[in-house]
Amino acid sequence: MREFIRAVVHSLEEGHSVELVSVVESGGSTPRGAGAMLAVFPGGRTAGTIGGGNVEYEAAKLAQALLETGEDALRRFRFVQGDAASLGMVCGGGVTVQFQYLPAGDGAVITILRDLLEATGKNADTWLVRRLEGERITAMGLADRTGFRYLDKPPAEAGLLANKAVFRDGWFAVPAVKAGRVYIFGGGHVSQALVPAAAAVGFRPVVYDDRPEFADKALFPRAEAVLCGSFEELPRQVKVTPDDYVVVMTRGHQADYEVLVQTLRSGAKYLGCIGSKRKLALCRDRLLEAGFTAEEYAKVHAPIGLAIGAETPEEIAVSVTAELIAVRAGV
C-alpha cells in the first residue's frame, strides 16, 4: 500500500491526473475482493491490481478513457459465460468497480494521501473513507481509532471501520494500514527469507538478535527495524501488544525459552516457534515448570507455519507467511 499511495501522490504532484479504480463489492468467485485498488496514469501506466485478467484489462481501458474526460464512473463486471455483462470468464462471480478521477495538483486530495502515506509508517489502524453518490465520489477522508479526518459530515456508522473493506449506506471504507508488527526473534537464514516474504504481503517485520553480525540492517533491507540486545531483556527494546505477531526462530533452545517466557502472556495476535518436535517438547515442559499453563502454551503455533512440506529456508518462509496471512484474515 505504501508504494501504491506514493506513486499516486507523486503523479498528482508532478501535474498528472490519476484514475483510481476500486473494487467496492464482490460476490461469488472473483480474482480480488472488495478493497482491491488499481491506479491508472496518463499513457496507460498502472500501479496496484484488481485481479488481473479480463476484468483488469477492461477496467484499465475504461479508466484511461475516463482519465481523458475527467470523470467518475461505477461499473459491474460479471464472470459468467453468456451473461450480457460477462467478460467471458468462468469464475462464476462478479465485482462492482468504482472509478474516481483525481485531478492533477489537487491540494485537498494530495493532503489526504500524504497523511495516509505518513500513516503507513506508524503502528495505527487507518482507513481510507469515501462517500459514493450515484457514480461519483463526493467526499474522501481518513479514519483511525480516534475518529475521522477531512470529512465535513463523517458517517455515523461505526461498523464501517472493519478488518476488511466495507461498502454501506453510500460509504466505502478500506483498511489501508493495519496496526501490528511481526517481531522476528533470531536473524538466521530462515529469518532472512521470512522478512521479504512477510513484507511483500503487507506485514511490518522487526528483527531482534543478540549477535551484532546477525542484527545487521544490511541483511534485512525490508525490515522496519533491526534490533540487537539480550534475549533475557526484551522489554528494554520491545513491547509486544495484542496487535503484534511473534515469530521465534533463535539459534537455540535456551534463547527460544527466554523469548517465550517474555511474550507468552503478551496477548499477541500470533505466536509461533520454529523447531523439532523434541526441542518444542522440552521448551513446553520448561514453561509448564515455570508456572505457565497448558492452555497458555496451546496458543503457540508449534511447529510453526502451515504444513506444506517446507524444508528450505525459503519454503519455510512461505509456510510461515501463509500462516500469518491466515491469522490476519481471521481464517
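Residues numbered from 1 in each chain as written. Predicted model: local features only at pLDDT ≥ 70, side-chain atom pairs only at ≥ 80, totals over all residues. Heavy atoms only, no water.

A. Quick peek at helix α6 (residues 277-289). The end-to-end C-alpha separation of α6 is 18 Å, in line with the 18 Å expected for 13 residues at 1.5 Å each. Three or more residues of α6 are buried, namely K279, L280, C283 and L287. Looking straight down α6, one finds that the buried residues subtend no more than 95 degrees of arc, so they occupy a single side. Exposed residues lying more than 90 degrees from the buried face of α6 are K277, R278 and E289. (Helix = DSSP H or I, 4+ residues; strand = E, 2+ residues; numbered from the N terminus. Expected span 1.5 Å × (residues − 1). Buried < 20%, exposed > 50% of the residue type's maximum accessible area, 1.4 Å probe, protein only. Arc of directions from axis to C-beta.)

B. Quick peek at a nonpolar patch on the surface. A grouping of L306, I308 and V318 is seen on the molecular surface, where their side chains present a nonpolar patch of about 260 Å² in accessible area. Along the chain, V318 turns up in helix α8 (residues 313-329). (Patch = residues over 30% accessible without salt bridge, like charges linked within 9 Å, V, L, I, M, F, W, Y side chains within 5 Å. Areas by Shrake-Rupley, 256 points an atom, 1.4 Å probe, with all protein chains shown as cover. Salt bridge = Lys/Arg side-chain N within 4 Å of Asp/Glu carboxyl O.)

C. Structural detail: the pairing of strand β10 (residues 171-177). In terms of burial, β10 is a largely internal element, 7 of the 7 residues being buried. Here 6 bridges tie strand β6 (residues 126-133) to β10, and the two strands are oriented antiparallel to one another. In the sheet register, R130 faces β10, and the bridge partner there is F172. Pairing of strand β9 (residues 166-168) with β10, which is carried by 3 bridges, proceeds in the antiparallel orientation. Considered in β10, the bridge of R168 is made with W171. The turn linking β9 back onto β10 is made up of 2 residues, and D169 within it adopts a positive phi angle of 50 degrees. (Pairing = 2+ DSSP bridges.)

D. Spatial organisation of the sheet that holds strand β14 (residues 245-248). Read from one edge to the other, the open sheet built from 5 strands follows the order β13-β12-β11-β14-β15, with strand pairing classed as parallel. Both edges of this open sheet fall to β13 (225-228) and β15 (270-273), since each of them pairs with a single strand only. In this sheet, adjacent strand axes meet at a mean angle of 15 degrees when their direction is disregarded. Pairing of strand β12 (residues 205-209) with β13 involves 4 bridges; the strand directions are parallel. Along β13, the bridge assignment pairs V207 with V226. In the packing of α8 onto the sheet, the strands contacted are β11 (182-185), β14 and β15, and the crossing angle to β14 comes to about 160 degrees. (Axes fitted to C-alpha atoms, helices over the stretch in contact; angles between N-to-C directions. Contact = heavy atoms within 4.5 Å.)

That is the geometry; function is a separate question.
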